[in-house]
Amino acid sequence: MRLTFLGTGTSFGVPVIGCTCANCTSSDPRDRRTRHGALLALDGGNLLVDTPPELRLQLLAAGVDRVHAVWYTHLHADHVHGIDDVRIFSSRGRGAVPTYLARELRPEMESRFSYIFDDRVAVARGTSKPKLEIRTYVENSAVDVLGTRITPFRVPHGPVDAFGFRAGSLGYVTDAKRIPAAARSILDGVETLVLNALWWGRPHPTHFNIEEAVEAARDIGARRTFLTHLTHFVGYRELAAALPPGIEPAYDGLVVDLADGAGQ
């Protein structure tokens, strides 16, 4: 199993429009962060995690030519609104792309993107729309995705909840303020962990700051933890130097080889 970080920024991305801070004007490519997205190469194919607005550019940059399924963590715009870029994968004659999301989110997804999910919405001759087959999951219950057992769990994300997941030796949490007991139990024994972390110091109502993410990582005890969903208030080099051993910043394009994903 292999994890590729497609996008490691927040909803603003980095550089932030109109900002001339040191990180927004940095020449280090690791300081350029598009909105959140990831790709898991599983035994049965490529699983795309979220569809951010820059999805097309992310897939081109990573050399990805096939996506076999999509997994949604939640429905905030920076995680969903590149959904139309999945169209290329269904329009090549391979049929509908299996699309996994929490059961409770299905009505909103179908309403927000009715042009995709309402079969009564026809497209003009010679044009196309994404063909996505919704498959729902429920928290704490494993589902088989492309031959890999994935267990979703609920995490608080301000006024809404998001869903992290475990796939074999990987634990993945992109938007969370804390790790509840049920989620912590599912994450027990992971070797690689992904956590969101915005900045140093001040707390945020819906996300970990860096100190909170480090504390959560230490509690979970993974051999490696990668921080994602980073803001322009932190630069890659400075953050990497300041983090404790075993914890490091992710960056767009980072590829991490993982242990076999079949277990848990």
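Placed above this text is the structure.
These notes cover the structure that comes with them. (Residues numbered from 1 in each chain as written. Predicted model: local features only at pLDDT ≥ 70, side-chain atom pairs only at ≥ 80, totals over all residues. Heavy atoms only, no water.)

1. Focus: the sheet that holds strand β4 (residues 69–71)
Across the sheet, which stays open at both edges, the 7 strands sit in the order β6-β5-β4-β3-β2-β1-β14 with mixed pairing between neighbours. The sheet is open, and its two borders are formed by β6 (132–137) and β14 (255–257), each paired with just one other strand. Sheet twist, expressed as the average angle between the axes of neighbouring strands with direction ignored, equals 20°. Packed onto the sheet, helix α1 (residues 55–62) meets β1 (2–7) and β3 (45–49) and runs at close to 135° relative to β1. (Pairing = 2+ DSSP bridges. Helix = DSSP H or I, 4+ residues; strand = E, 2+ residues; numbered from the N terminus. Axes fitted to C-alpha atoms, helices over the stretch in contact; angles between N-to-C directions. Contact = heavy atoms within 4.5 Å.)

2. Some words on the pattern of salt bridges
In a structure, side chains of opposite charge can pair up when their charged atoms sit close to one another. A full pass over the atoms with the stated rule returns 16 salt bridges. Across the salt bridge formed by Asp-257 and Arg-2, the nearest N and O atoms sit 2.6 Å from each other. Of the two residues, Asp-257 is situated in strand β14 and Arg-2 in strand β1; the sequence distance between them amounts to 255 residues. It is possible to trace a salt-bridge network through shared partners that takes in Glu-104, Glu-139, Arg-154 and Asp-161. (Salt bridge = Lys/Arg side-chain N within 4 Å of Asp/Glu carboxyl O.)

3. Quick look at the layout of surface pockets
Approximately 240 Å³ is the volume found for the largest pocket. Along the walls of the largest pocket sit 16 residues, with Thr-10, Ser-11, Phe-12, Trp-199 and Thr-231 positioned nearest its centre. Grouping the constituent residues of the lining of the largest pocket by class yields 5 nonpolar, 9 polar and 2 charged. (1 Å grid on protein atoms, 1.4 Å probe; cavity = no way out; pocket = protein on both sides within 12 Å on 5 of 7 lines; lining within 4 Å. Points joined across faces, edges and corners; volume = space filled by probe spheres on them. Nonpolar A, V, L, I, M, F, W, Y, C, P; charged D, E, K, R; others polar.)

4. Section: the pairing of strand β5 (residues 97–102)
Burial analysis of β5 places 6 of its 6 residues in the buried class, which makes it a mostly covered element. As defined by bridge partners, β4 adjoins β5 across 2 bridges and the pair is classed as parallel. Residue pairing across strands places Val-70 opposite Thr-99, the latter belonging to β5. Direction of pairing for β5 relative to β6: parallel, over a ladder of 6 bridges. Along β6, the bridge assignment pairs Leu-101 with Thr-136. (Buried < 20%, exposed > 50% of the residue type's maximum accessible area, 1.4 Å probe, protein only.)

5. Some points on helix α7 (residues 210–220)
Three or more residues of α7 are buried, namely Ile-210, Ala-213, Val-214, Ala-216, Ala-217 and Ile-220. Viewed end-on, α7 has its buried residues packed into an arc of 165°, placing them on one side of the element. Relative to its buried face, α7 has exposed residues pointing more than 90 degrees away, namely Glu-215 and Arg-218. The backbone nitrogen of Glu-211 has a side-chain oxygen 3.2 Å away, supplied by the residue at the start of α7, namely Asn-209. Gly-221, located one to two residues past α7, shows a positive phi value of around 80°. (Arc of directions from axis to C-beta. Polar contact = N/O pair within 3.5 Å; in protein donor to acceptor, adjacent residues only side chain to side chain.)

6. Topic: the environment of Pro-205
Relative to the helices and strands, Pro-205 resides in the loop between β11 (192–196) and α7. Pro-205 gets classed as exposed once you look at its relative accessible area, which sits at 62%. For the pair formed by Pro-205 and His-157, sequence separation is 48 residues and the distance between their alpha carbons is 8.0 Å. Setting aside anything within four residues of it in sequence, one finds Pro-205 in contact with Gly-158 and Lys-177.

7. Re the pairing of β3
Among the 5 residues in β3, 5 count as buried, and that is most of the element. For strand β2 (residues 37–42) and β3, the ladder comprises 5 bridges, and the chain directions are antiparallel. By the bridge assignment for β3, Leu-40 is matched with Leu-47. Hairpin connection from β2 to β3: 2 residues lie between these consecutive antiparallel strands. Note on the crossover from β3 through α1 to β4: the handedness is right-handed. (Right-handed = clockwise from strand over helix to strand, strands pointing away.)

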